[in-house]
Structure formats: structure tokens, C-alpha cells
Amino acid sequence: MKKLIAGNWKMNGSLAINRDLLAALVSGMAGGDSVCDVAVCVPSAYLQQVQDALVRTPIKWGAQDVSAHDQGAFTGEISANMLRDFACRYTLVGHSERRQYHGESDSVVAAKAQRALAAGITPIVCVGETLAERESGQTMMVVKRQLAAAIHAVGHCATEIVVAYEPVWAIGTGLTASPEQAQEVHAVLRTQLLAACGRSASLPRILYGGSMNASNAALLLSQPDIDGGLIGGASLKAADFLAIVAAASAV
Ligand code: PGA
């Protein structure tokens, strides 16, 4: 399965900072032999800038969130059709920061995934347990529940999503799940996806996210059920992000 390395810029950047970062990514990948898919998920305010910079490059782009609604009186929201206007290939849904700070439930996240797919955009559905949930032995129950909601909402389109396993305790903390810890969860998610999708030719990719960086990427990405990475902090530095892309292309 072709790996996917997706950057999650979160609420970082400026026109000037983005210009330099995008130029460095484009030149770093030019003529390169990267055999993995690469994308950046950026603040929606910069989608036009990112589209202009990446349109004739191998790098795809996307948003970090999308509305669960189609259109109308939802002040501040951005619809999937709007994202399509900027040729977004992906959007994150259900990132733990959305679940935690904006109270997004499993069913809201599932509705967002459905809206994205209906607009032809691949949702990257984020799942993951908190430290308290891990310590009380609930990891598998939590991630299965989160994924089940999305699978249920998207039905036969489940083959078209991307899943990102992001243990909340590993995000932005410098604590990474060990390759074995991540693989254990990915294997459970794979089994769940297999049951939902059947032995389809195109099973969804399962990315790992949570303090993935240039030095730990190779080991994580060599696990059998880790199909790529969702990269926060390290996606803001071109050299680090490109090193992760190189590691994904080498396995
Ligand atoms: P991190 O973030 O790589 O900075 O831990 C990952 C994410 O939140 O997607």
C-alpha cells in the first residue's frame, strides 16, 4: 500500500512563513523519487495560497476541519463544497483538538466525514485515546467506538476514507507511541476496516500521528499496519517533513 505523509499545520503560519515553507517543500520534492503520497492540511484562510503554490506539484493539500452541514446559517463554518472550490484533496475530521476544545462528538465527526466524501474530498478520520483511557485499559474500546461511528455514517464509502490513529497523550508532547504500541492499535483498526469493507482491493490507509519526527519515522513506518503519518510540529520545518517523506519512501 502506498504510504501517505500528511502535514497538519494546525493554527500556525502567515503568508510570508507559508511562502518559504511551501517553496522549500516543492524544491525538496522536485525531481525526487518519492514513492509516497504527500499532503499538507492548512488553515482554511491559506487554501488559496497553498493551491497556487502546489497546483502543478506532486504535493496535495487539504483543510483541518469541515462543517457537518451543507450550507446556510452556520456562522464561522466552512462547507465541504467550499473546500472543493480550492481543490482540496483531503480534510481532517475529528482531530483530538476539535474533540477536546470544541466538544465534537463521534456522531458530529462522522457527519463531517460524510459531507467531505459527498463533495469528493477524502476525510482523514482521527481517532485516539487519552492517557487516562490508556491507563484504564480502554484504548481499543475507545478507538473502535470512534471508528465505528464514521464507518456507520459513510456506509459503503468506508473504503474511501483515511484513518489516523493519534494517541492524545502523544500529540505535541514529544512522547511517541512505541512502534509496538502503535502497531497493536493499527492491527485492531485494520481488522475493523476489513470487516466493514470486505477484502476490497483498496482498504483505507491507517496513519500514525503523535510526535512523529525525522528520527522516529522510519521505525514507525516499517510496522506492517502503519500506512503513513499525520505530522504536526515536524511539518512546520521543511527539512524535517522532507526527511519523514524520505523515510516513508524508503520502506
Ligand atoms: P504532533 O501533532 O506531530 O505535533 O504531535 C500531530 C497531530 O496533532 O496531528
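In the block above lies the structure referred to throughout.
Here the structure is a predicted model, which is why all the values come from computation and not from measurement.

J.: Help me understand empty space enclosed by the protein in this model?
T.: Rolled over the atoms, a probe sized like a water molecule indicates the empty space that remains. Scanning the entire structure with this criterion turns up 1 cavity of 30 Å³ or more. Considering only enclosed or pocket space, the largest cavity measures out at about 30 Å³ in volume. As for the largest cavity, its lining consists of G94, S96, R99, C126, V127, G128 and E166. Classifying every residue of the lining of the largest cavity gives 2 nonpolar, 3 polar and 2 charged.

J.: Looking at this model, I keep getting lost on the pattern of salt bridges. Mind explaining?
T.: Close approach of charged atoms allows side chains of opposite charge to pair. All told, the structure shown has 13 salt bridges when counted by the stated rule. The salt bridge involving R98 is made with D65; its shortest N-O contact spans 3.4 Å. Pair noted here: R98 is in helix 4 (residues 96–101) and D65 is in the loop between strand 3 (60–63) and helix 3 (80–85), with a separation of 33 residues, a long-range link. According to the relative accessible area criterion, D65 is buried, its value standing at 17%. Salt-bridge contacts for E104 lead to K112; the nearest nitrogen and oxygen are separated by 2.7 Å. For the residue pair E104 and K112, the accessibility class agrees, reading buried in each case. Three or more residues are tied together by salt bridges with common partners; here these are D65, R98, E104 and K112.

J.: I would appreciate a short explanation of the sheet that holds strand 4 (residues 90–93) in the present structure.
T.: Hydrogen bonds between backbone groups are what pair the strands of a sheet, and the pairing can be parallel or antiparallel. Here we have 8 strands rolled up into a closed barrel, ordered 1-2-3-4-5-6-7-8, and parallel in their pairing. For this sheet, the mean angle separating the axes of adjacent strands, direction not counted, is 25°. Where strand 1 (residues 4–8) and strand 2 (residues 37–41) come together, 5 bridges link them in parallel fashion. Of the residues in strand 2, the one forming a bridge with G7 is V40. This element, helix 5 (residues 106–118), spans strand 4 and strand 5 (122–127) of the sheet and lies at about 160° to strand 5.

J.: Mind showing me how you'd approach unusual backbone geometry here?
T.: As a rule of thumb, non-glycine residues mostly have phi less than zero, and peptide bonds are mostly trans rather than cis. Look at K10: it is not a glycine, yet its phi comes out positive at around 55°. The backbone phi angle of A87 is positive, close to 55°, even though this residue is not glycine. Structurally, A87 is set in the loop between helix 3 and strand 4.

J.: Explain the nonpolar core here, please?
T.: Inside soluble globular proteins, nonpolar side chains tend to come together where they are buried. Core analysis: the biggest nonpolar cluster contains 64 residues, and I5, V40, V50, L189 and Y208 have the highest contact counts within it. When residues of this core are assigned to their parent elements, the largest contribution, 6 residues, is made by helix 10 (residues 238–250). Beyond its immediate chain neighbours, meaning those up to four positions away, V50 contacts W9, L22, V40, V42 and W61. Of all hydrophobic cores here, the second largest spans 12 residues; its members include A39, I124, L207 and L230.

The rules behind these values
- Residues numbered from 1 in each chain as written.
- Predicted model: local features only at pLDDT ≥ 70, side-chain atom pairs only at ≥ 80, totals over all residues.
- Heavy atoms only, no water.
- 1 Å grid on protein atoms, 1.4 Å probe; cavity = no way out; pocket = protein on both sides within 12 Å on 5 of 7 lines; lining within 4 Å.
- Points joined across faces, edges and corners; volume = space filled by probe spheres on them.
- Nonpolar A, V, L, I, M, F, W, Y, C, P; charged D, E, K, R; others polar.
- Salt bridge = Lys/Arg side-chain N within 4 Å of Asp/Glu carboxyl O.
- Helix = DSSP H or I, 4+ residues; strand = E, 2+ residues; numbered from the N terminus.
- Buried < 20%, exposed > 50% of the residue type's maximum accessible area, 1.4 Å probe, protein only.
- Pairing = 2+ DSSP bridges.
- Axes fitted to C-alpha atoms, helices over the stretch in contact; angles between N-to-C directions.
- Contact = heavy atoms within 4.5 Å.
- Core = buried A, V, L, I, M, F, W, Y, C linked by side-chain atoms within 4.5 Å.

No statement about biological role is implied by the geometric values presented.
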